[in-house]
Structures are given as structure tokens and as C-alpha cells.
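Structural overview for review
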Amino acid sequence: MKFDLSFYKGKKVFITGHTGFKGSWLCKMLVNAGAEVTGYSLNPPTNPSLFNIAEIENDIHSIIGDIRDLFSLKKALDEAQSEIVFHLAAQPIVLDSYKKPVYTYETNVMGTVNICECVRLSKTVKSFLNVTTDKVYLNKEWVWGYRENEELGGYDPYSNSKSCSELITHSYINSFFNDMGIAVSTARAGNVIGGGDFANDRIIPDCIRAAIKQEDIVVRNPFSTRPYQHVLEPLYAYLMIAAMQYRDKKYASSYNIGPDDVDCYQTGALVDVFVSKWGNGLRWINKYGRGPHEANFLKLDCSKLKATFGWKPHWNLDKAIEMVVEWSKCWIGNGDISACMNKEIEEFLNTESI
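Residues numbered from 1 in each chain as written. Predicted model: local features only at pLDDT ≥ 70, side-chain atom pairs only at ≥ 80, totals over all residues. Heavy atoms only, no water.

1. As for the packing of helix 9 (residues 267–278) against helix 11 (residues 317–332)
As a reminder, the rule being used: Every axis in this analysis is a line fitted to C-alpha atoms, fitted for helices over the stretch in contact. Angles between the N-to-C directions lie between 0 and 180 degrees. Secondary structure is summarised from DSSP: a helix means a run of H or I of at least four residues, a strand means a run of E of at least two, and numbering begins at the N terminus for each. Roughly parallel means an angle under 35 degrees; roughly antiparallel means over 145; roughly perpendicular covers 65 to 115; every other angle is labelled oblique. Should the near helix be turned anticlockwise from the far one by less than a right angle, the crossing is left-handed, and should it be turned clockwise, the crossing is right-handed. Note on contacts: a residue pair qualifies if any of its non-hydrogen atoms lie within 4.5 Å across the two residues. Each residue is assigned to one class: nonpolar for Ala, Val, Leu, Ile, Met, Phe, Trp, Tyr, Cys and Pro, charged for Asp, Glu, Lys and Arg, and polar for all the others, Gly among them.
Packing of helix 9 against helix 11 brings their axes to within 9 Å, and their N-to-C directions diverge by 50°. Taken as axis vectors, helix 9 and helix 11 run oblique relative to one another. The crossing of helix 9 and helix 11 is right-handed. Contacts between helix 9 and helix 11 involve L270, V273, F274, K277 and W278 from the first element and L317, D318, I321, E322, V325, S328, K329 and I332 from the second. In terms of residue class, the contact of helix 9 with helix 11 is built from eight nonpolar, one polar and four charged.

Rendered as C-alpha cells:
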């Protein structure tokens, strides 16, 4: 099934975490589709930030606020009169969760409680999607993909807090939302890559920073296997799920969103592709260190999303990295970032699924 984003034309949409990397791309997709977007988030988490350089604020109603502040969040959602809510606000970095475990839990756990409570008390929301992560599963390092009915867990504070976020959402569904006219789903996406990600301790931003400085790329764990996908893949799926459950509550559920097995790369192999696309004699070096625990092998089974909606990925990993390099060179060359994003979104939407 090819989902038409024109569904969102004139729809009032509320996004938490709109100033982040994924949030900025989601805002851009929704604005292009004609939605009225309100965002609620802290200031952009990086400098530079995609939110600022793409001037996302010019096209939406942006509210700077803390997801931990229930009163301010409720006021923002009530005033927005939104019909559809996407919850992306989070502390999203595994290594940062070891440095700031309390903040990670406050944001990812109580932040979820707060947005669920605001949705429960809202008079306008019909569709709510909580964006979590593939790391919600109790990782047993097995070679097959996790399904939505697998045991939740999470070793590190980030992964564990996102597992808690899933449990909170399902508690609210069972306790409240099932008896209301609100459709609620959770989406568990694999690792995303894309232009405009400036986060620390993520492999593609590390590659780009090294390329700009003409230094060797340092790869921390080249043998870890992850379900890498372009950022537009899960965002398109989020938009589809939220729209379909808006139309019919039977679609409300939990969904994995990831690439096909062929695009579950080891990190070293991913960097090989980046180096070949970037050119200029770029190289990488293995500096495996005994840092905090991170999962070595993680794959998702996306059969449910495919069977329910006829969904398939649009771009393979080779194409995804090609688009990251194209965006990055546009930014380095002081190109028109907004136009670059629009072009990329249009090409993505016009690509037949692979």
C-alpha cells in the first residue's frame, strides 16, 4: 500500500521533541503535506542543529518547554486543539544514559506519563503515536529479528527507560484509552541515519565530522550489527500508522519499523559504504574499547507492519547513505537546506518500495 500524505492537509498535529533530528524531518514532511503543526520541546539538542539551519520554526508553532512539566505540556496541547499527537521527546543516546541515568528516566518515563495524561484529558485528540526504539526488547543477541510480542527489557538506562515507556503506554491503553475514542500505537524503529544528525556517539555524524576535518573516522564497535535505515523510512511509517488508526481504531497496536535483513549491517561495513560515497581518500580505523555495555546484535522482524499495511522500505542502505552524503555536502557548501530536504522528501515519496 502506498500511503498518501495528503491525508494530513488541514489536520492539526502536535509533536513532542520537534527540535530534534527526527522531529525536524517530521515537521518538514507534515508542513509539506499541509498540516498545521505545533511542536513542544526543549531547545535543539545540538549545535549546529537541523531545526535551526532548516529554519523549521518559520513554518510551525514552536513551543520551547520541558516534557517533564505536566502543566506546561497540557496547556500547550489544549491550546493547539490537535487531533493527532506524535511523541518523540526523549533522551535518545545510550552512552549519555550512563552519564545521566536520572535525567534519562525522568525524561523517557515521566515524559511518557505526562503526554499520556495530557492525551487522556484532551477533548480533541483522536490518534496518538508513541515513538520508542528497537532497543525496548530484552536483547538475547540472537540472529533472528524480534517480534512485537517478544519480552521487553533493556540493559542500559536508555533502553530500559524506553521499555518502561512502552509499558506505561499499554497501561494507559488498558486503563483508559480502550474505553475512549482515542487510537494509540507504539512504534519501535531501528537505527536511523540521515542528513542533519549532529548527535554525539552516533556513527554517521562521527563520519561526517571526521570527513569535514579530513581525519580518519574512529569506529568504536565495528562488529555490532544494527538495523540501519534512512530517517524518512520510519517517519513515513509513523505518519501512515497515525493516519490509519485515526480512520479505524482497529489498526492501533505496536509496530516494528526497520529495514530488510539485507540492510542489517555491521557498523564497519556501514562505514565502508560511507567512505566509498564520500570519496576524497577518507578512511576509518578500529578503536574498539571496553566502554559501557552496548548491544552487539539487534534485528527487527517487521512482518506485522508489512502484513497490516502492505508496507515496504523505499530505500536500501546504499541509497540511504548516498542521500546522507548529498545532504551533508549541500550543508558544507552553504546550500539551501530547506530546498534540499524538500527534494529528498519528494524523491522518497515518489520511489517505488523495494
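Anyway, onward from the coordinates.
2. What about unusual backbone geometry?
Residue P48 follows N47 across a cis peptide bond; omega there is 10°. Take P48: it is sitting in the loop between strand 2 (36–41) and helix 2 (50–53). In this structure, Q81 takes a positive phi of about 55° despite not being glycine. A positive phi angle, close to 60°, is found at N334, a residue other than glycine. In this structure, N334 sits in the loop between helix 11 and helix 12 (337–349).

3. Observations regarding the packing of helix 1 (residues 21–33) against helix 8 (residues 232–247)
Axis separation between helix 1 and helix 8 bottoms out at 10 Å; the angle between their running directions is 55°. The orientation of helix 1 relative to helix 8 falls into the category oblique. Two packed elements cross with a definite hand, and for helix 1 against helix 8 that hand is right-handed. Across from K22, W25, L26, M29 and L30 in helix 1, the residues of helix 8 making contact are L232, L235, Y236, Y238 and L239. Grouping the constituent residues of the contact of helix 1 with helix 8 by class yields nine nonpolar, no polar and one charged.

4. Quick look at the side chain of T19
Stated formally: For every residue, the accessible area obtained with a 1.4 Å probe (protein chains only) is divided by the maximum for its type, and the residue is called buried under 20%, exposed over 50%, and partly exposed between those limits. Contacts described as polar in this section are N or O atom pairs within 3.5 Å, which, within protein, must combine one atom able to donate a hydrogen with one able to accept it, while residues neighboring in sequence count only if both atoms come from side chains.
Tracing the backbone shows T19 in the loop between strand 1 (12–16) and helix 1. Judged by its relative accessible area of 3%, T19 falls in the buried class. Separated by 2.8 Å, the side chain of T19 and the backbone oxygen of L42 make a polar contact. Leaving out residues up to four positions away in the same chain, T19 has contacts with S24, S41, L42, N43, P44, P45, F51 and I64.

5. Focus on the sheet that holds strand 4 (residues 84–87)
Rule in force here: Paired strands, in this sense, are two strands between which DSSP finds at least two bridges.
Ordered by their spatial adjacency, seven strands build an open sheet running 3-2-1-4-5-6-11, and the pairing between neighbours is parallel. Only two strands of the sheet have a single neighbouring strand rather than two, namely strand 3 (61–64) and strand 11 (254–257). Each adjacent strand pair in this sheet contributes to an overall mean axis angle of 15°, direction not counted. The sheet contact formed by strand 5 (residues 127–131) and strand 6 (residues 183–189) spans five bridges and is parallel. Each residue of the ladder has a partner; that of L129, found in strand 6, is S185. Of the strands in this sheet, strand 1, strand 2, strand 3 and strand 4 touch helix 3 (residues 70–80), which is tilted by about 160° from strand 1.

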